[in-house]
Amino acid sequence: MDIIDKNIERLTTYKKYLNTIQALINKYFEEQKDYIFCKKGCSHCCEKGCYPYSEIEFLYLYLGFLSLSVTEKIEISKRVEKLKTECEESKLEHDKFMYRCPFLRDTGECSVYDYRGLICRNFGIMHINLNNQITMPFCEDLGLNYSNVYNDETKKFDYEKVKEYGYKYIPKPYPITRASLMDKDLFEGEPLDFGETKTLLDWL
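Residues numbered from 1 in each chain as written. Predicted model: local features only at pLDDT ≥ 70, side-chain atom pairs only at ≥ 80, totals over all residues. Heavy atoms only, no water.

Caption draft 1: Region of the structure containing the overall build of the chain. What the chain contains, in helices and strands, is eight helices and six strands. Walking the chain from its N terminus toward its C terminus, one meets helices and strands in the order α-α-β-α-α-α-β-β-β-β-α-α-β-α. Taken against the 2.2 N^0.38 rule, which gives 17 Å for 204 residues, the C-alpha radius of gyration of the chain at 18 Å falls within 12% of a compact globule. On the principal axes, the C-alpha backbone points of the chain span a range of 55 × 40 × 30 Å. In the chain, which comprises 204 residues, the share counted as buried stands at 40%. The long-range fraction of contacts in the chain, counting pairs at least 24 apart against all pairs at least 6 apart in sequence, stands at 75%. Here the chain has roughly 12,200 Å² of accessible surface; of this, 52% comes from carbon and sulfur atoms. Separation between the mean location of the 29 positive side-chain charges and that of the 34 negative ones in the chain comes to 2 Å. (Helix = DSSP H or I, 4+ residues; strand = E, 2+ residues; numbered from the N terminus. Rg over C-alpha atoms; globule rule 2.2 N^0.38 Å. Buried < 20%, exposed > 50% of the residue type's maximum accessible area, 1.4 Å probe, protein only. Contact = heavy atoms within 4.5 Å. Areas by Shrake-Rupley, 256 points an atom, 1.4 Å probe, with all protein chains shown as cover. Lys, Arg positive; Asp, Glu negative; His and termini not counted. Charge placed at Lys NZ, Arg CZ, Asp CG, Glu CD.)

And the structure:
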């Protein structure tokens, strides 16, 4: 717990920041709810990735880990060790090694959901990336988010389908990248130090 005790003030500020950010994310998801098919147990976004985490995000995630049962903590630790071995054997850099998140339960649920990082919180919604381009969530290819009105061939929305389904609005992208969520201007509270960013496996 030493690392938590040493960062208790940062974590308190981060929790206040999360309340602000989560309210914004929830607003965006609510506005797009007709096109979003995320549901409990759907874990496609957790099955293959490298999961960038800042230091403060990881410390908060670690708080969630500490709250788990002894049995689950042991199971997660074993998965982490197995992943580290697989990564080492692959000879890939950690930001190129793709893997199933070790915090994902066999049921498809996140064991530390309330403590998850920003990359997990904003996934699933269409957004504008740092190059001002529209980016679709990959789950659209799986017949999920936006797939009911998005045309894979033209890479555009099928407005006839929007009308056909009786939707009252056309989907729109949001400035909701992980980097934009870390923008200090979004949070009017105390200054927040995110610390360096590494992959989740690098932190574990």
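Caption draft 2: Up close: the side chain of Arg116. With respect to the helices and strands, Arg116 occurs in the loop between α4 (70-90) and α5 (118-121). Despite its burial, Arg116 remains without a salt bridge, the nearest opposite charge being carried by Asp114 at 4.9 Å. Apart from residues no more than four positions distant in its own chain, Arg116 is found in contact with Gln22, Tyr53, Leu61 and Arg121. (Salt bridge = Lys/Arg side-chain N within 4 Å of Asp/Glu carboxyl O.)

Caption draft 3: Spatial organisation of the nonpolar core. Counting residues in each nonpolar core, the largest one holds 31 residues, and the members touching the most others are Tyr14, Tyr17, Leu118, Tyr146 and Phe194. Elements with a minimum of two residues in this core: α2 (8-31) and α3 (55-66). The element contributing the most residues to this core is α2, with eight residues. In this structure, Leu118 is in contact with Tyr14, Tyr17, Leu18, Ile21, Glu57, Arg178, Leu181, Met182 and Phe194, ignoring residues within four places of it in sequence. In terms of nonpolar packing, the next biggest core, distinct from the first, is built from 18 residues, Ile76, Cys87, Phe97 and Tyr99 among them. (Core = buried A, V, L, I, M, F, W, Y, C linked by side-chain atoms within 4.5 Å.)

Caption draft 4: Up close: the environment of Tyr115. Note that Tyr115 resides in the loop between α4 and α5. Considering only alpha carbons, one finds Tyr115 and Cys45, 70 residues apart in sequence, at a separation of 16 Å. With near-sequence residues (within four places) excluded, Tyr115 lies in contact with Tyr60, Leu61, Leu63, Gly64, Ser67 and Arg121.

Caption draft 5: Structural view of the packing of α2 against α3. Packing of α2 against α3 brings their axes to within 10 Å, and their N-to-C directions diverge by 95°. With respect to α3, the axis of α2 lies roughly perpendicular. On the side of α2, the interface is formed by Arg10, Leu11, Tyr14, Lys15 and Leu18, while α3 contributes Glu55, Ile56, Glu57, Leu59, Tyr60 and Leu63. A per-class count over the contact of α2 with α3 returns seven nonpolar, no polar and four charged. (Axes fitted to C-alpha atoms, helices over the stretch in contact; angles between N-to-C directions. Parallel < 35°, antiparallel > 145°, perpendicular 65-115°, else oblique. Nonpolar A, V, L, I, M, F, W, Y, C, P; charged D, E, K, R; others polar.)

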